[in-house]
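Summary of the model geometry
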Amino acid sequence: MSLASGSSTRRKASEELNTLEDLTTPEDLTTPEDLTTPEELKASAELSARTTGTPSTSTGAPSEPTEEPAAVPPSAPSRRHLHRPPALPRILRAVLTGATKSAAIVALLLVWELAPRFGLVDQTFLPPFSEVAQAWWELVANGQLADNAQASLVRSFSGFGIAVAVSVPLGLLIGWYRPVADLLNPLLQVFLNTAALALLPVFVLLLGIGETSKISIVVYACAWPILLNTISAVRTVDPTLLRLAKSMDLSAPRLFQKVILPASVPTIFTGIRLAGAVSIVVLVAAEMIGAKAGLGYLINASQYNFAIPQMYAGIVTISVIGVAFNQLLVAVEKRLSSWRVPATS
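The subject of this paragraph is a nonpolar patch on the surface. A grouping of Leu110, Leu114, Phe118, Leu120 and Val121 is seen on the molecular surface, where their side chains present a nonpolar patch of about 520 Å² in accessible area. With respect to the secondary-structure elements, leucine 114 resides in helix H4 (residues 87-117). Look at leucine 114 and you get partly exposed, because its relative accessible area is 37%.

See below:
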């Protein structure tokens, strides 16, 4: 009984399985994507278009217009702003450059201030820089520094200007014309090797102790650096430039104006800058010998009166004037030689 019932049960299960196999056709075997309705496909396409910004391409009904995506702001700056350096790095670079250039001077002043205070040198003969600065301010307040500096600058600039006006044309003439160079060269060598301060008593005896002798000694001292550098500048002009100028049939004045002078400016200004330093040094020495005003007179009088801080204040003033005068000449040189193309490495 049990065997019969078991066999009948297996028979019914086999028949149901066969029935399912007959009802299942290849068309009925679909994927989950195939079971999606056209409305679901359309909604999915519109959702994809909104998220990606591309128009929907679903089949069937035409796609409805979707709202345009919002404009995306540019993530990178424009080309102009890319090449413009920020302000802060430029300021830091300028500060670093200024600190580098002034580091040696600051170190010198710091040593000057600390060495007398720690007993490394005698404060009587080298007072701290703060005391010198205080004495300098007192001289400014009572007008002594301005009066003496004005007297020295008038003498120095007068002699310097006369030396430039005489030495530059003479140097151009000697450098360009060989007969003039052969005639004057022995005399130039004699005076070149004679120090200006060695001739100071001669100038005082011949011209007196007034302003003429002081200006004349400055002219004599400044003339030689300018003259020698001008002669060297003319003789070292590029021969190719001269040949090109001569091939264009330029006259002698035009040749000097267009070729000789522009090519000689850097070397001439080297001599002029040397002469600017010499003019102040020689003048101070001349004022120490015989003068009633001037920075040299101030330094000498402060030494005799044992006013050591005032003496150093006069020396510092001379140094500051020399540096400022040199920077002025450098600016003038750049102005006159602005046509030159800077060398690139």
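Our focus in this paragraph is the packing of helix H5 (residues 129-142) against helix H13 (residues 308-336). Where H5 contacts H13, the two axes come as close as 8 Å, and the packing angle between them is 80°. Viewed along their axes, H5 and H13 adopt a mutual orientation that is roughly perpendicular. Along its contact with H5, which presents Glu131, Val132, Ala135, Trp136, Glu138 and Leu139, the element H13 presents Pro309, Gln310, Tyr312, Ala313 and Thr317. Its residues placed into classes, the contact of H5 with H13 shows 7 nonpolar, 2 polar and 2 charged.

So, about the pattern of salt bridges. In the structure shown here, the tally under the stated rule is 4 salt bridges. Between glutamate 287 and arginine 155 there is a salt bridge whose closest N-O contact spans 2.7 Å. Of this pair, glutamate 287 sits in helix H11 (residues 252-289) while arginine 155 sits in helix H6 (residues 144-176), and the two are 132 residues apart along the sequence. Under the relative-accessibility criterion, glutamate 287 is labelled buried at 1%. The exposure class of arginine 155 is buried, given its relative accessible area of 4%. Put simply, glutamate 333 and arginine 273 hold a salt bridge, and the shortest N to O gap is 3.9 Å.

One pass over the structure, following the stated rule, counts 9 aromatic pairs. Measuring from centroid to centroid gives 4.9 Å for phenylalanine 157 and phenylalanine 325, while their planes differ by 50°, and the two rings are tilted. Of this pair, phenylalanine 157 sits in helix H6 while phenylalanine 325 sits in helix H13; the two residues are 168 residues apart in sequence, bridging distant segments of the chain. With relative accessibility at 40%, the residue phenylalanine 157 sits in the partly exposed group. Residue classification places phenylalanine 325 among the buried residues on the basis of a relative accessible area of 8%. What links up through ring pairs into an aromatic cluster is the set Phe191, Phe203, Tyr220 and Trp224.

Turning our eyes to something else, we now look at the side chain of serine 264. Tracing the chain through its elements places serine 264 in helix H11. By relative accessible area, which is 0% here, serine 264 ends up buried. Residue contacts for serine 264: discarding those within four places in its chain leaves Ala233, Val234 and Val237.

Let us look at the environment of glycine 171. In this structure, glycine 171 sits in helix H6. In this structure, glycine 171 is in contact with Leu227, Thr230, Ile231 and Val234, ignoring residues within four places of it in sequence.

The next point concerns unusual backbone geometry. Located in the positive-phi region is phenylalanine 306, a residue other than glycine, with phi close to 60°. Assignment of secondary structure puts phenylalanine 306 in the loop between helix H12 (295-304) and H13.

Mapping serine 279 onto the fold places it in helix H11. Serine 279 gets classed as buried once you look at its relative accessible area, which sits at 0%.

Over its 15 residues, helix H7 (residues 178-192) runs 19 Å from end to end, which matches the ideal 21 Å to within 8%, given 1.5 Å per residue. In H7, a bend of some 45° at leucine 184 exceeds every other bend along the element, and proline 186, a proline, comes one to four places later.

Further remarks concern the nonpolar core. By size, the foremost hydrophobic cluster in this structure holds 54 residues, and its most contacted members are Phe160, Ile217, Ile260, Ile272 and Leu295. When residues in this core are grouped by element, the largest group, 14 residues, is from H11. The contact partners of isoleucine 272, leaving out residues within four places of it in the chain, are Phe160, Ile226 and Leu329.

With that settled, the discussion passes to the confidence of the model for the protein. Mean pLDDT over the protein: 76, with 73% of residues reaching 70 or higher. Under a pLDDT of 50 for its full length, residues 1-6 has, in the predicted model, 0 contacts with residues more than four places off or in other chains. Note on residues 53-66: pLDDT under 50 across the span, and 11 contacts to partners over four residues away in sequence or across chains.

So, about the packing of helix H10 (residues 239-247) against H11. Where H10 contacts H11, the two axes come as close as 10 Å, and the packing angle between them is 155°. In terms of axis orientation, H10 runs roughly antiparallel to H11. In this structure, the crossing between H10 and H11 has a hand that is right-handed. Counted together, Leu241, Leu242 and Ala245 of H10 and Leu255, Val259 and Ile260 of H11 form the full contact between these two elements.

Our focus in this paragraph is H5. Between its first and last C-alpha atoms H5 spans 20 Å; for 14 residues at 1.5 Å apiece the expected length is 20 Å, and the two agree. Taken residue by residue, H5 has Val132, Ala135 and Leu139 as its buried positions. An end-on view of H5 places all buried positions within 60° of arc, on one side of the element. Among the exposed residues of H5, those pointing more than 90 degrees away from its buried face are Gln134, Trp137 and Ala141. At the exit of H5 stands glycine 143, carrying a positive phi of roughly 85°.

Rules used in this analysis
Residues numbered from 1 in each chain as written. Predicted model: local features only at pLDDT ≥ 70, side-chain atom pairs only at ≥ 80, totals over all residues. Heavy atoms only, no water. Patch = residues over 30% accessible without salt bridge, like charges linked within 9 Å, V, L, I, M, F, W, Y side chains within 5 Å. Areas by Shrake-Rupley, 256 points an atom, 1.4 Å probe, with all protein chains shown as cover. Salt bridge = Lys/Arg side-chain N within 4 Å of Asp/Glu carboxyl O. Helix = DSSP H or I, 4+ residues; strand = E, 2+ residues; numbered from the N terminus. Buried < 20%, exposed > 50% of the residue type's maximum accessible area, 1.4 Å probe, protein only. Axes fitted to C-alpha atoms, helices over the stretch in contact; angles between N-to-C directions. Parallel < 35°, antiparallel > 145°, perpendicular 65-115°, else oblique. Contact = heavy atoms within 4.5 Å. Nonpolar A, V, L, I, M, F, W, Y, C, P; charged D, E, K, R; others polar. Phe/Tyr/Trp six-rings, centres within 6.5 Å; stacked < 30°, edge-to-face > 60°. Expected span 1.5 Å × (residues − 1). Bend = angle between axes of the 7 residues up to and from the residue. Core = buried A, V, L, I, M, F, W, Y, C linked by side-chain atoms within 4.5 Å. pLDDT = per-residue confidence, 0-100. Left-handed = near helix turned anticlockwise from the far one by under 90°. Arc of directions from axis to C-beta.

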